[in-house]
Amino acid sequence: MRIFGNILWFLLAGLWLFLGWVLAGLLWCVTLIGIPWGVQCFKFAKLASFPFGKDVLFGSGVGSLLLNILWVLLSGVPLAIEAAVIGAVLCATVVGIPFGLQCFKIAKLAFLPFGARIVPSTR
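Model, not experiment: these values are computed from the prediction.

A. Representation of the packing of aromatic side chains in the model. In this structure the tally under the stated criterion is eight aromatic pairs. With a centroid separation of 5.0 Å and an interplanar angle of 20 degrees, the aromatic rings of Trp 28 and Trp 37 are classed as stacked. The two residues Trp 28 and Trp 37 agree in class, both being buried. Here the aromatic rings of Phe 52 and Phe 99 are separated by 5.6 Å at their centres, their planes lie at 85 degrees, and the arrangement is edge-to-face. With a gap of 47 residues between them, Phe 52 in the loop between helix H2 (35-49) and strand E1 (54-58) and Phe 99 in helix H4 (residues 97-111) connect regions that are remote in the sequence. Phe 99 carries the same exposure label as Phe 52, and that label is buried. Here a set of aromatic residues connected by ring pairs shows up, and it is made of Trp 21, Trp 28, Trp 37, Phe 44, Trp 71 and Phe 114.

How each quantity is defined
- Residues numbered from 1 in each chain as written.
- Predicted model: local features only at pLDDT ≥ 70, side-chain atom pairs only at ≥ 80, totals over all residues.
- Heavy atoms only, no water.
- Phe/Tyr/Trp six-rings, centres within 6.5 Å; stacked < 30°, edge-to-face > 60°.
- Buried < 20%, exposed > 50% of the residue type's maximum accessible area, 1.4 Å probe, protein only.
- Helix = DSSP H or I, 4+ residues; strand = E, 2+ residues; numbered from the N terminus.

Have a look at this one:
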């Protein structure tokens, strides 16, 4: 089921979310200072393309907080809005609700990428 869900996900929403994260990562990597943010973008682009079977664990810390604040001000809002809008469209139908929930998971991640870890799902 995960394979089928991931394939269908990529066709419905994953491609657009993947491209958004990759574009943000490329823009961050243009500068030397932005490379840590770019690396996070590429890591989460992989999750955005195939999210079924993966969970996100959010951590905390002063360093993560400072990086997340800068992230939200510069890149987090557009990526979160993109994921939330796609999620709302997918949730408009009963069949699309599981895909919409994945979008909302990625929208939350767009606000708090630092300190977050991607782990295999236990469900």
